[in-house]
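# Structural features, examined
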Amino acid sequence: MRKINFKVMSILMVLLFICFGSVDAAQSEVVCFFPEWQQGDMQRYKFTKQVLKNDIIVSESKTTFTITVIDVLDDGYILEWKNDDMNLTNIEQDDLSKIILKMVDGVVTRYKVDEYGTFVEFTNLPELKKTMYEISNTVAEQLETDEEKNQFKQFMSIILGSDEQLTVVLSKSISLLHNPYIYGYEFETGEEYVGEVSLPNPWGGQPLSGIINITASSYQDNMNEIVISQILDKTKSAEVVNDIIKTLSSQLATMNISEDMFIETIEINDEIVSLFKENSNWLSEIKLIRTAKILNDSQVEIYNFEAIE
């Protein structure tokens with residue numbers, strides 16, 4: 001098993017919380033999720049995502065996907081993630097949304113995880129980049145003015161021109177399912193693990209920093225739970241966001257910045273709860289919420305993965 005290092009963390013570890021139904025915890029013991037996959041192992045999941053702004057749902061999507069172990073390496077595994085079905089729910093599906101869903105439906109993503117199960121890198125990034133180019137060109141053509149089209153194309157060229165930034169964009173859901181603080185660590189039930197965390201900034205410059213808190217529980221039905229909470233520093237997070245705005249403005253010829261675009265503080269609170277059965281190679285469920293607040297505006301992103309038996 002590996003030791004906890006609160007100074008090292010994937011940028012997409014910044015993910016979120018939910019509290020599951022009340023159950024009686026067992027006596028103090030060690031909780032650990034350490035899969036040992038074999039080539040050909042498969043697991044199907046149902047995934048839902050909601051985005052709320054000021055408590056109003058502005059987008060909601062559902063999909064099912066299958067993860068297959070393609071190869072077993074000396075230092076990890078190659079996995080394949082294939083979407084089976086994607087759709088938007090509870091909001092009006094415009095023509096552009098339908099086109100994009102059709103373009104990404106059935107897209108195959110291959111990636112490497114380390115020997116514990118934590119996301120490392122994509123192994124078919126050129127193929128994914130090609131799909132993203134096609135999607136971005138389709139979106140650009142639907143914009144109303146030439147200025148909007150040019151600004152969007154410039155922004156996407158920055159994303160697609162950097163493998164690091166493209167990986168950040170594409171790996172959000174994957175990095176949640178392969179969260180670095182879930183796989184391979186031993187947690188004693190009843191204990192609270194607290195430390196500082198520093199998150200790399202894909203745009204360069206100073207990293208995000210904050211406090212992380214981890215607890216674990218073991219229940220009588222052989223179900224284990226790991227709860228991760230994270231609170232980022234309000235002032236330093238705002239400084240990072242402001243630096244990103246400045247960086248983008250220097251790279252986008254059509255982007256004009258003004259003083260009212262900069263912020264003094266931003267609240268970003270993340271929690272994530274994972275459930276898994278004893279000796280299982282796959283998570284049973286992982287549910288999260290990320291809450292961000294700027295002045296009087298708030299946005300909440302809710303993600304939920306649920307294994308399909």
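Conventions adopted
Residues numbered from 1 in each chain as written. Predicted model: local features only at pLDDT ≥ 70, side-chain atom pairs only at ≥ 80, totals over all residues. Heavy atoms only, no water. Helix = DSSP H or I, 4+ residues; strand = E, 2+ residues; numbered from the N terminus. Buried < 20%, exposed > 50% of the residue type's maximum accessible area, 1.4 Å probe, protein only. Contact = heavy atoms within 4.5 Å. 1 Å grid on protein atoms, 1.4 Å probe; cavity = no way out; pocket = protein on both sides within 12 Å on 5 of 7 lines; lining within 4 Å. Points joined across faces, edges and corners; volume = space filled by probe spheres on them. Axes fitted to C-alpha atoms, helices over the stretch in contact; angles between N-to-C directions. Parallel < 35°, antiparallel > 145°, perpendicular 65-115°, else oblique. Nonpolar A, V, L, I, M, F, W, Y, C, P; charged D, E, K, R; others polar. Phe/Tyr/Trp six-rings, centres within 6.5 Å; stacked < 30°, edge-to-face > 60°.

### Describing the overall build of the protein
From N to C terminus, the protein includes 6 helices and 13 strands. Within the protein, the proportion of its 309 residues that are buried is 46%. Expressed as a percentage of contacts within the protein between residues at least 6 apart in sequence, the contacts between residues at least 24 apart total 65%.

### A short note on helix α4 (residues 163-170)
Taken as a whole, α4 has its buried residues at Q165, L166 and T167. If you follow the buried residues of α4, they end up packed against β6 (119-122), α2 (125-142) and α3 (146-160).

### Digging into empty space enclosed by the protein
Following the criterion strictly, the structure yields 1 cavity of 30 Å³ or more and no others. Each pocket or cavity is described by its volume, and for the largest cavity that value is around 40 Å³. Lining the largest cavity are F33, Y45, I67, L177, H178, Y183, N281, W282 and L283.

### Re the packing of α2 against α4
At a minimum axis separation of 11 Å, α2 and α4 run at an interaxial angle of 75 degrees. In this view, α2 runs roughly perpendicular relative to α4, as classed from their interaxial angle. Contact residues: α2 offers L125, L128, K129 and M132, while α4 offers D163, L166, T167 and L170. Considering only residue class, the contact of α2 with α4 consists of 5 nonpolar, 1 polar and 2 charged.

### Description of the environment of S175
Mapped onto the elements, S175 comes out in helix α5 (residues 172-177). Between the alpha carbons of S175 and E121 there is a distance of 9.9 Å; along the sequence they are 54 residues apart.

### Points about the packing of aromatic side chains
With the rule as written, the count across this model stands at 16 aromatic pairs. When the centroid spacing of 5.0 Å and the interplanar angle of 80 degrees are considered together, the rings of W37 and Y77 count as edge-to-face. Here W37 is found in the loop between β1 (30-32) and β2 (42-53), whereas its partner Y77 is found in strand β4 (residues 76-88), with 40 residues between them in sequence. A relative accessible area of 9% means that Y77 is categorised as buried. Relative to F187, the ring of Y185 has its centre 6.2 Å away and its plane inclined at 55 degrees; by these criteria the two rings are tilted. Here F187 falls in the buried class, since its relative accessible area comes to 0%. Taken together, the aromatic side chains of Y45, F47, F65, W81, Y303 and F305 make up a single cluster linked through ring pairs.

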